[in-house]
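Each chain is listed here by its residues.
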Amino acid sequence: MKNVSLLGAVALLCIAIVFSGCGASKTVKGAGIGVGAGGVLGAGVGAIAGNTALGGIIGAAVGGTAGALIGKKKWINKNRRLLKKYLK
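Residues numbered from 1 in each chain as written. Predicted model: local features only at pLDDT ≥ 70, side-chain atom pairs only at ≥ 80, totals over all residues. Heavy atoms only, no water.

Colleague: Any details on a positive patch on the surface? Residues and values, ideally.
Modeller: Taken together, K26, K74, K78 and R81 make up a surface patch of like positive charges. For the positive patch, the leading source of residues is helix α3 (residues 52–87), giving three residues. Examined against the element boundaries, K78 turns out to sit in helix α3. (Patch = residues over 30% accessible without salt bridge, like charges linked within 9 Å, V, L, I, M, F, W, Y side chains within 5 Å. Areas by Shrake-Rupley, 256 points an atom, 1.4 Å probe, with all protein chains shown as cover. Salt bridge = Lys/Arg side-chain N within 4 Å of Asp/Glu carboxyl O. Lys, Arg positive; Asp, Glu negative; His and termini not counted. Charge placed at Lys NZ, Arg CZ, Asp CG, Glu CD. Helix = DSSP H or I, 4+ residues; strand = E, 2+ residues; numbered from the N terminus.)

Colleague: Requested: an account of the environment of K26, with residues and values cited.
Modeller: If you trace the backbone, K26 turns up in helix α2 (residues 26–49). Classification of K26 by relative accessible area gives partly exposed; the value is 40%. With 46 residues separating them in the primary sequence, K26 and K72 have C-alpha atoms 6.4 Å apart. What K26 contacts, discounting residues up to four positions off in sequence, is G71, K74 and W75. (Buried < 20%, exposed > 50% of the residue type's maximum accessible area, 1.4 Å probe, protein only. Contact = heavy atoms within 4.5 Å.)

Rendered as structure tokens:
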């Protein structure tokens, strides 16, 4: 379990560094970070439940979807503020 946590933390850090350096949208950044975090958490829960791979896959899918939605919402809110500013 300790190795899974360390590997997950390193993977999440690498994902964050890659996405922060490139011109990816907030939706893509959120999805990438969500996949990494969800995969690690899902693998941890799966290890307890007895199926690490399935837990990791489900966690990555749920985390990626949630991250993309959160990233898109931030982008929409930013654009909404800009539109209100310029349309006054």
